[in-house]
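# Descriptive structure summary
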Amino acid sequence: MLTAKENLRQVIRGGKPDRYVNQYEAIQLLFHPYWLHNPSPAPGQENIVNAWGVTNSFPTGTPGAFPVHTPDKIVVKDIEDWKDYVKAPPLDFPQADWDQLKAQYDAVDGSKSYKAAFVAPGLFEQTHYLCEITNALVYYITNPDEMHDLIKYLTEWELKLAEGICSHLHPDAIFHHDDWGSELSTFMSPDMFADFFLEPYKEIYKYYHDHGVELVFHHSDSYAATLVPHMIEMGIDVWQGCMESNNVPELVKKYGGKISFMGGIDNKSVDFSGWTEEDCRKAARKVCDAIGPNYFIPCITQGGPGSVFPGTYASLCKAIDEINREKFGITDPDSGRLPWQILF
């Protein structure tokens, strides 16, 4: 039996996987010093200001934190003068911070799991965090020069972040967030998306690939089927979060070998009040019956190992293990992987 890491590599490289990769079993999400210096709200906390000056809240009973965009809390008051408002946080961290995080990377068994540095939010999300999403989408139309300049500024900051991550922590994967659509549509047309984001992301992901990172995972739990050609050109190895609305079986047929897909199980299908193990078994079997293990990883669309309602993620893991036992005769999957990481 292959280790979880090697099985994932076979899935992505078009080799001979011996089973489905089970959600995040082959990826250990790890962090970097920026997270030590970027305040974020815990569940129940409200109005926490982060290192970019964005106010975030995580009200009790909600799935996660999100920016607060009452007029007094929007960072960019005037897009034409965005430089007066947007101040990138410093990335020159004490060596002790790097050493603390490097110890966590070193503790991961790299034969069983990719060591993936976690980066969020991405370029698009950061623009609407700073501007408010309706404002940002309007600015892409009315003030394209300013938005290009803002994205360039954010890209330069991300490249400096990447330099620190690669030189100090040496991950072999990156797990990068940036949501590019709703369930049914992208936030902008493919041509407009390419105009603003293709070259910046090519630059960022090329830096990682050129500095020891084997795999780039990009999370966007959304409809983004029309953006897949751009994802391939950007250098994304795995699109994580591909919702059912994308027709994932067709995407695998069309683009498998150029990019892989991780998702196909919407949170709404399994992650709700009153969910059952049968819901999880049904969702896992539906997607695995439709798609084989090459270029595809059955996974909840959420951008990390976990779920909104406790137990859902673990139940899905159990369901996929059952499928691997029935289809491929895998009876002891735990011997090839690290203990489950559940972050949410």
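Summary of the structure given here.

About the criteria used
Residues numbered from 1 in each chain as written. Predicted model: local features only at pLDDT ≥ 70, side-chain atom pairs only at ≥ 80, totals over all residues. Heavy atoms only, no water. Phe/Tyr/Trp six-rings, centres within 6.5 Å; stacked < 30°, edge-to-face > 60°. Buried < 20%, exposed > 50% of the residue type's maximum accessible area, 1.4 Å probe, protein only. Salt bridge = Lys/Arg side-chain N within 4 Å of Asp/Glu carboxyl O. Helix = DSSP H or I, 4+ residues; strand = E, 2+ residues; numbered from the N terminus. Pairing = 2+ DSSP bridges. 1 Å grid on protein atoms, 1.4 Å probe; cavity = no way out; pocket = protein on both sides within 12 Å on 5 of 7 lines; lining within 4 Å. Points joined across faces, edges and corners; volume = space filled by probe spheres on them. Nonpolar A, V, L, I, M, F, W, Y, C, P; charged D, E, K, R; others polar. Core = buried A, V, L, I, M, F, W, Y, C linked by side-chain atoms within 4.5 Å. Contact = heavy atoms within 4.5 Å. Axes fitted to C-alpha atoms, helices over the stretch in contact; angles between N-to-C directions. Parallel < 35°, antiparallel > 145°, perpendicular 65-115°, else oblique. Left-handed = near helix turned anticlockwise from the far one by under 90°.

Following the criterion strictly, the structure yields 26 aromatic pairs and no others. Ring centres 6.5 Å apart and planes at 50° place the aromatic pair Phe196 and Phe197 in the tilted group. For the residue pair Phe196 and Phe197, the accessibility class agrees, reading buried in each case. Every member of this aromatic cluster is reached through a ring pair, and the members are Tyr24, Phe31, Tyr34, Trp35, Trp52, Phe118, Trp157, Phe175, Phe217, Tyr313 and Trp340.

Scanning all chains against the criterion turns up 21 salt bridges. Lys268 is the partner of Glu183 in a salt bridge, and the nearest nitrogen-oxygen pair spans 2.4 Å. Here the residue Glu183 occupies a position in the loop between β6 (173-177) and α6 (190-210), and Lys268 occupies one in helix α9 (residues 267-270), the gap between them amounting to 85 residues. Taking relative accessible area as the criterion, Glu183 reaches 29% and is therefore assigned partly exposed.

Where burial is concerned, most of strand β8 (residues 238-242) is hidden: 5 out of the 5 residues are buried. In the sheet, strand β7 (residues 215-222) pairs with β8 via 4 bridges, with the strands oriented parallel. Its bridge partner being in β8, Ser222 is matched across the sheet by Cys242. As defined by bridge partners, β8 adjoins strand β9 (residues 260-265) across 4 bridges and the pair is classed as parallel.

This paragraph deals with the layout of surface pockets. The volume enclosed by the largest pocket comes to roughly 1500 Å³. Around the largest pocket, the lining comprises 43 residues; the ones closest to its centre are Pro63, Gly64, Ala65, His177 and Phe344. Those elements giving two or more residues to the lining of the largest pocket turn out to be β4 (66-67), α3 (123-131) and β7. If one sorts the elements of the lining of the largest pocket by residue count, α3 sits on top with 5 residues. Of the residues that constitute the lining of the largest pocket, the class distribution is 23 nonpolar, 17 polar and 3 charged.

Backbone-to-backbone hydrogen bonds pair the strands of a sheet. The strands run either parallel or antiparallel. Strand order in this open sheet of 3 strands is β2-β3-β4, and the pairing throughout is antiparallel. The open sheet has two edge strands with one neighbour each: β2 (48-49) and β4. In the sheet, strand β3 (residues 55-57) pairs with β4 via 2 bridges, with the strands oriented antiparallel. Residue pairing across strands places Ser57 opposite Phe66, the latter belonging to β4.

Counting 105 residues, the largest nonpolar core has Phe197, Tyr208 and Phe261 as the members making the most contacts within it. Sort the elements by how many residues they give to this core and helix α5 (residues 144-168) lands first, with 10 residues. Excluding residues within four positions of it along the chain, Phe261 makes contact with Val228, Trp239, Cys242, Val248, Leu251, Val252, Tyr255, Tyr295, Phe296 and Ile297.

Now for the packing of helix α10 (residues 277-290) against helix α11 (residues 312-328). At a closest axis distance of 9 Å, the pairing of α10 and α11 adopts a crossing angle of 50°. As summarised for this structure, α10 and α11 are arranged oblique, according to the angle between their axes. Crossing hand, α10 versus α11: right-handed. Residue-level contacts link Glu277, Cys280, Arg281, Ala284, Arg285, Cys288 and Asp289 of α10 to Thr312, Ser315, Leu316, Lys318, Ala319, Ile320, Glu322, Ile323, Glu326 and Lys327 of α11.

What follows is about the sheet that holds β7. What the 7 strands build is an open sheet, ordered β1-β5-β6-β7-β8-β9-β10; its pairing is parallel. Every interior strand has two partners, whereas the edge strands, β1 (27-30) and β10 (296-300), have only one. Going across the sheet, the axis of each strand differs from the next one's by a mean of 25°, ignoring polarity. As defined by bridge partners, β9 adjoins β10 across 5 bridges and the pair is classed as parallel. The partner of Gly264 across the bridge, within β10, is Cys299. Packing of helix α8 (residues 248-255) onto the sheet brings it into contact with β8, β9 and β10, and relative to β9 it is tilted by some 170°.

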